[in-house]
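Observations on the model geometry
What follows is each chain in one-letter form.
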Amino acid sequence: MVDFNHYVELATPLLNKYGYFALFGAIFVEGFGIPAPGQTLLIASSILAGRGELNITVVVVVAWLAAVLGNSVGYAIGAWGGKKLFYKIGFSPKHFAKVEHYFEKHGGWMIVGARFFEGLRQLNGIVAGSMGMPWLRFSFYNMLGATLWVAFWGLGTYWASEHTAAIAHALKVIEPYVIVMAAIAFSLVLAYILTTRSFSPKTFLQRKPNQAGLPSDLELRKPDLPKQENSDANTNS
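Rules behind the numbers
- Residues numbered from 1 in each chain as written.
- Predicted model: local features only at pLDDT ≥ 70, side-chain atom pairs only at ≥ 80, totals over all residues.
- Heavy atoms only, no water.
- Helix = DSSP H or I, 4+ residues; strand = E, 2+ residues; numbered from the N terminus.
- Buried < 20%, exposed > 50% of the residue type's maximum accessible area, 1.4 Å probe, protein only.
- Contact = heavy atoms within 4.5 Å.
- Core = buried A, V, L, I, M, F, W, Y, C linked by side-chain atoms within 4.5 Å.
- Polar contact = N/O pair within 3.5 Å; in protein donor to acceptor, adjacent residues only side chain to side chain.
- pLDDT = per-residue confidence, 0-100.

Before going further, it helps to examine the overall build of the chain. Each helix and strand counted, the chain has 10 helices and 0 strands in total. Starting at the N terminus, the α and β elements of the chain follow one another as α-α-α-α-α-α-α-α-α-α. Residue burial in the chain is summarised as follows: out of 237 residues, 34% are buried. By sequence separation, contacts in the chain at least 24 residues apart represent 76% of the contacts at least 6 residues apart.

Here's what the structure looks like:
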């Protein structure tokens, strides 16, 4: 089980010196890819709030604002230069457009889930900006993810530290496996998007018969009937 006193020992010098600014700064810079002990400071601040040394309301508000604003800066960085980076690592404009379209449809919940895992949390805003996710859609899932993350690690630590410690230990154990599985899943989805054509029933039905793989009108004509013997002619004669 995780010893949460260890988090307090690590974070107390920063919190004593800089107070809530330390909490805000660490979580904020995490949002655009800079490694920082944001989650550690959130946990420690919540524990100190439970001891009466900090105000839990201020801790939650500061952490939420820092998480939302930090990821928003990451989104702006990705929107500004993310495509260039993808092109440099080998993506063609055609392939990038397919991935961009997929992320626009399914990337929202990826942003929410990534908030809870180290490494993914620092990059999800940059990736969303690079993929061209609409700003309003990104903001919604960004705020939702920040709310759930702060509620779990902030309020959860404050109100139920024993249960949170058990969950934190479980997350720490499974985190490497989740990251590997996420990477594999992303690779498979990316390979599928890049190697298959998009299929739409509407466009399929609108295609011409020959293009859709269906027989043409000429092919649907009735087959010639077998020639009958001149039995009628013989009868008349």
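All right, on to the nonpolar core then. Grouped together as the largest cluster of nonpolar side chains are 27 residues, with contacts concentrated most on L15, L23, I27, L41, L42 and W149. Listed by contribution, the elements that provide at least two residues to this core are helix 1 (4–18), helix 2 (20–30), helix 3 (38–50), helix 4 (56–88) and helix 7 (135–159).

Take the side chain of S72 next. Inspection of the secondary structure assignment puts S72 in helix 4. Within the local environment of S72, its side chain forms a polar contact with the backbone oxygen of V68, the two atoms lying 2.8 Å apart. In contact with S72, not counting residues within four places along its chain, are W135, F138 and N142.

Next up on the list: the confidence of the model for the chain. With 73% of its residues at a pLDDT of at least 70, the chain reaches an overall mean of 76. Mean pLDDT across the secondary structure elements of the chain bottoms out at helix 9 (residues 201–206), with 46, and peaks at helix 2, with 94. Counting contacts from residues 209–221, a segment whose pLDDT is below 50, to residues more than four positions away or on other chains yields 9 contacts.

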